[in-house]
Amino acid sequence: ETAVFQTPNYHVTQVGNEVSFNCKQTLGHDTMYWYKQDSKKLLKIMFSYNNKQLIVNETVPRRFSPQSSDKAHLNLRIKSVEPEDSAVYLCASSRDWDNYAEQFFGPGTRLTVL
Amino acid sequence: AQSVTQPDARVTVSEGASLQLRCKYSYSGTPYLFWYVQYPRQGLQLLLKYYSGDPVVQGVNGFEAEFIKSNSSFHLRKASVHWSDSAVYFCAVSGSSSGQKLVFGQGTILKVYL
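Residues numbered from 1 in each chain as written. Chains lettered and ligands numbered in written order. Predicted model: local features only at pLDDT ≥ 70, side-chain atom pairs only at ≥ 80, totals over all residues. Heavy atoms only, no water.

*Asks:* A description of the overall build of chain A should follow, citing residues and the corresponding values.
*Replies:* A tally of helices and strands in chain A yields 0 helices and 11 strands. Counting helices and strands in the order they occur from the N terminus, chain A gives β-β-β-β-β-β-β-β-β-β-β. Here the C-alpha atoms of chain A give a radius of gyration of 13 Å, agreeing with the 13 Å that 2.2 N^0.38 yields for 114 residues. For chain A, buried positions account for 42% of its 114 residues. Considering only contacts within chain A whose residues lie at least 6 apart along the sequence, 54% involve residues at least 24 apart. Approximately 5800 Å² of chain A is accessible, and the part contributed by carbon and sulfur atoms is 46%. (Helix = DSSP H or I, 4+ residues; strand = E, 2+ residues; numbered from the N terminus. Rg over C-alpha atoms; globule rule 2.2 N^0.38 Å. Buried < 20%, exposed > 50% of the residue type's maximum accessible area, 1.4 Å probe, protein only. Contact = heavy atoms within 4.5 Å. Areas by Shrake-Rupley, 256 points an atom, 1.4 Å probe, with all protein chains shown as cover.)

Below you can see the structure in the form of structure tokens.
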């Protein structure tokens, strides 16, 4: 049963446009994450939020910015997309920031930049 | 920093055969180890995890993994695979120190043929 929801499922856009992806979790978790999964299935953490506070900000281009209105929502905005941004963006949540906590993933948003 | 290597990019087995997917990690402290599975067009789902205690951990759907500290390995096993096990499998490691992020291996694509 899906408990981490992502919209949209797919998005096709052109270089230079701005895009926003939404993520919502209904598990009552405190911590949320954004991952980027490239065409080779490689997964890399981009951002982590705990109770609306940014706690992990990996080395990602400045055109990427996370936005959290409350601990159940974590959106991702990309200003001026580039071809290398084409990927699947996965949102996840966990009970808390405990390193052993299971992460629950959404189905992902597939971004194609033309 | 921690890292994970899954040396087999792709594994093909026939239904009913036994399975082992290899995972080697690198971390100087006490690792937290995970196996996740990703079915087509879905997010990742946790199969099992290990922190301490019995080095053989049982997971969902008949999967198990064995932590061998001397070999820095956490291989995933299943006695008899089903065609529905076809998916991408990720090994991941987190450190025990506060604030350690989850680092994923490159993934292993499993194909089970009838």
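What follows picks up the thread again.
*Asks:* An account of the interface of chain B and chain A is requested, with residue identities and associated values reported.
*Replies:* With 26 residues of chain B in contact, the opposing surface of chain A contributes 20 residues. Summed over both partners, the interface of chain B with chain A buries about 1800 Å², with 58% contributed by carbon and sulfur atoms. For the pair chain B and chain A, the interface holds 0 salt bridges. Inspection of the chain B/chain A interface yields 2 residue pairs in polar contact (both at pLDDT 80 or more). (Buried area = accessible area lost by both parts, 1.4 Å probe. Salt bridge = Lys/Arg side-chain N within 4 Å of Asp/Glu carboxyl O. Polar contact = N/O pair within 3.5 Å; in protein donor to acceptor, adjacent residues only side chain to side chain.)

*Asks:* Can you lay out the pattern of salt bridges for me, pointing to particular residues and giving the numbers?
*Replies:* Residues and elements named next belong to chain A. Within the structure shown, the criterion is met by 10 salt bridges over all chains. One salt bridge connects Arg63 with Asp85, and the closest N-O pair in it is separated by 2.7 Å. Placement of the pair is Arg63 in the loop between strand S6 (53-57) and strand S7 (64-70) and Asp85 in the loop between strand S8 (73-78) and strand S9 (87-94), with a sequence separation of 22 residues. Within the structure, one salt-bridge network assembled from shared partners comprises Arg63, Glu82, Glu84 and Asp85.

*Asks:* So what's going on with unusual backbone geometry? Which residues, and what values?
*Replies:* Residues and elements named next belong to chain A. Residue Pro8 is bonded to the preceding Thr7 through a cis peptide linkage, with omega at -5 degrees. Here Pro8 shows up in the loop between strand S1 (4-7) and strand S2 (10-13). Positive phi values are uncommon outside glycine, yet Asn51 reaches one of about 50 degrees. Tracing the chain through its elements places Asn51 in the loop between strand S5 (43-50) and S6.

*Asks:* Report on the state of the cysteines, specifying residues and quantitative values.
*Replies:* Applying the stated criterion across every chain, the model contains 2 disulfides over all chains. Note on cysteine connectivity: Cys23 of chain A is disulfide-linked to Cys91 of chain A, with sulfurs 1.9 Å apart. Across the disulfide from Cys23 of chain A to Cys91 of chain A, rotation about the S-S bond amounts to roughly -80 degrees, and the bridge is consequently left-handed. With Cys23 of chain A in strand S3 (residues 19-25) and Cys91 of chain A in strand S9, the pair connects residues that are 68 residues apart, well separated along the chain. An identical accessibility class is assigned to Cys23 of chain A and Cys91 of chain A; each is buried. Each sulfur of the disulfide joining Cys23 of chain B and Cys91 of chain B lies 2.0 Å from the other. Judged by the sign of its S-S torsion, about -65 degrees, the cystine formed by Cys23 of chain B and Cys91 of chain B is left-handed. Taken together, the residues span a long stretch of sequence, with Cys23 of chain B in the loop between strand S3 (19-21) and strand S4 (24-26) and Cys91 of chain B in strand S10 (residues 87-95) at a distance of 68 residues. (Disulfide = S-S within 2.5 Å.)

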